[in-house]
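If you want the building blocks of each chain, they are given just below.
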Amino acid sequence: MIEKSFFIRIIGCQMNVYDGDKLRGELLSRGWREADGEDGADFVVFLTCSVRERAEQKAASEIGKFGKKWKKSRSPRLALLGCMAARIGSGLARKFPWIAVTAGPAHIGLVPDAMDRALETGERFIADRETQAADPISCAPRGRGNPHKAYITVANGCDQFCAYCIVPYVRGRFASRAPEDVLAEARALARNGVVEITLLGQNVDAYGRDFDGDARGRFASLLNDVSAIGGLRRVRFATSHPSDFTDDILDVMRDRPNICPSINLPVQAGSNSVLRGMNRRYTRDEYVSLVRRIRAALPESAVTTDLIVGFPGETEEEFEQSVTLFEELRFDLAHTAAYSPRDGTPAANRPDQVPPVERARRLVRLNGVQAEISREINASMVGRIYEVLLDEPAPRGEGLLQGRTATDKVVLVRAPLEMAGTFREARVTGSSPWCLEGELV
Ligand code: SAM
Ligand code: SF4
Ligand code: F3S
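Residues numbered from 1 in each chain as written. Chains lettered and ligands numbered in written order. Predicted model: local features only at pLDDT ≥ 70, side-chain atom pairs only at ≥ 80, totals over all residues. Heavy atoms only, no water.

(A) Up close: the pairing of strand 1 (residues 5-10). In this structure, strand 1 lies alongside strand 2 (residues 33-34), joined through two bridges in parallel fashion. Bridging from a neighbouring strand, phenylalanine 6 pairs with glutamate 34 of strand 2. On the question of chirality, the crossover connecting strand 1 to the parallel strand 2 by way of helix 1 (residues 14-29) is right-handed. Pairing between strand 1 and strand 3 (residues 43-48): five bridges, direction parallel. Considered in strand 3, the bridge of phenylalanine 6 is made with phenylalanine 43. (Pairing = 2+ DSSP bridges. Helix = DSSP H or I, 4+ residues; strand = E, 2+ residues; numbered from the N terminus. Right-handed = clockwise from strand over helix to strand, strands pointing away.)

Following this line, the structure appears as structure tokens:
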């Protein structure tokens, strides 16, 4: 048998990490070997993102770089996957002959065969909109990127059609997986030593709505069942949508201490007129009262959010309402972004685009406000002891491991690599807006 090796690179969100994990599992079970880096791999698998223009530019420049290597030695071949592949993969493959396989998320199940064929016969595989959707990869979850923590996508795609967002066009319609599939996968992961699972969906709270039009109780029940699996010390979920998040989820979180009290609840804007333009289906007041209900039910919880500045038509006053919302709600963390027009989405065609320099200015201002809030919240944790799941080495700092609290705060501690994957108590000794420092107790 010829040896076949691959290397996976990921740009984009946790859904790409999950797709990469499934693909890794399937390739390993077919006898492929995972290479340590791009050099030395027969195939580099690239999972791409389309959410903002910058993510696509980054991928495009990487794809260009492959050309130089490939022209010299016809290796490595490139498998261009993920959301950008769904959008423009077939066009890119026409331009760049080193793209041997391209397929978006709906066609990832066809990729392992296509990669085998590409190596064995040189045949290229280019999926496009006409290609019939395939079953997803159904391999047993093995060979995950991280041995202690794993993601499970519980619902693919999205039906919300927020006016700025490309995801429904590249990931397809909202499609929940059967609860028994999710549970079987979670049990298999737990048996393999995974201690933390994050359930993923663009709108997990709507889980099961596509079964019969009624999502009531379905996500809460799934969460409850996953959290009951022996060996799972932590269960997380993302992302929640403010108009679908229901109190039964809070009830389950209160009942099951291994469901982590951290909730990502993207607000996207602080003003009602911008929220309407974005097609977000809730008002600022409704959002504020939901956050207050979450905090009342789970006083130790951390709430994080996502917000876009400079959406078309956003005035200075409307932007200031995003600032006042941050000041009012004091999120633990915020993923903020300057609006990036995405071709094919309704907002991209609006004539009232905010100039890029103004978007950039608003982003800097809002990030400054949030940094101060996160700095204060994190400083208030100094001196307290938290349970952390120690994980991989910290990106900077010799001998430091990165851990996370139940509320998903990063804690850096001096600890040997063998402790990765274990739960330890750590006293917080220092803080910044982005992370905590701690010592094992
Ligand atoms: N489903 C989640 C939600 O409802 O917020 C998040 C989905 S999206 C993959 C992740 C984040 O990217 C969004 O929360 C949004 O803030 C940001 N985003 C999406 N489209 C964007 C755009 N056109 N420009 C800038 N940021 C964008
Ligand atoms: Fe995009 Fe909106 Fe769906 Fe989130 S809910 S993925 S922002 S369309
Ligand atoms: Fe990007 Fe696709 Fe995720 S567009 S953020 S990789 S769903």
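(B) How the structure looks around the side chain of serine 301. Within the secondary structure layout, serine 301 lies in the loop between helix 11 (284-297) and strand 13 (302-309). Among the residues examined, serine 301 registers a relative accessible area of 11% and is labelled buried. Among the polar contacts listed, one links the side chain of serine 301 to the backbone oxygen of leucine 298, at a separation of 2.7 Å. (Buried < 20%, exposed > 50% of the residue type's maximum accessible area, 1.4 Å probe, protein only. Polar contact = N/O pair within 3.5 Å; in protein donor to acceptor, adjacent residues only side chain to side chain.)

(C) The arrangement of the layout of surface pockets in detail. Its volume calculated, the second largest pocket comes out at about 730 Å³. In terms of lining, the second largest pocket is formed by 33 residues, of which the most central are Pro105, Ala106, His107, Asn156 and Arg171. Split by residue class, the lining of the second largest pocket holds 15 nonpolar, nine polar and nine charged. Both domains that meet at the lining of the second largest pocket, namely domain 1 (5-126) and domain 2 (149-379), each give it at least three residues. (1 Å grid on protein atoms, 1.4 Å probe; cavity = no way out; pocket = protein on both sides within 12 Å on 5 of 7 lines; lining within 4 Å. Points joined across faces, edges and corners; volume = space filled by probe spheres on them. Nonpolar A, V, L, I, M, F, W, Y, C, P; charged D, E, K, R; others polar. Domains from an automatic or database assignment.)

(D) Representation of the site of ligand 1. Taken together, 16 residues lie around ligand 1, and Arg52, Gln202, Gln268, Asp306 and Ser340 are the ones closest in. A distance of 2.6 Å is found between an oxygen atom of ligand 1 and a side-chain nitrogen or oxygen belonging to aspartate 306. Starting from 550 Å² of accessible surface for ligand 1 in isolation, the protein chains cover 90%. Within the residue set of the shell around ligand 1, elements represented by two or more residues are strand 13 and strand 14 (333-338). Of the residues that constitute the shell around ligand 1, the class distribution is eight nonpolar, four polar and four charged. (Near = heavy atom within 4 Å. Areas by Shrake-Rupley, 256 points an atom, 1.4 Å probe, with all protein chains shown as cover.)

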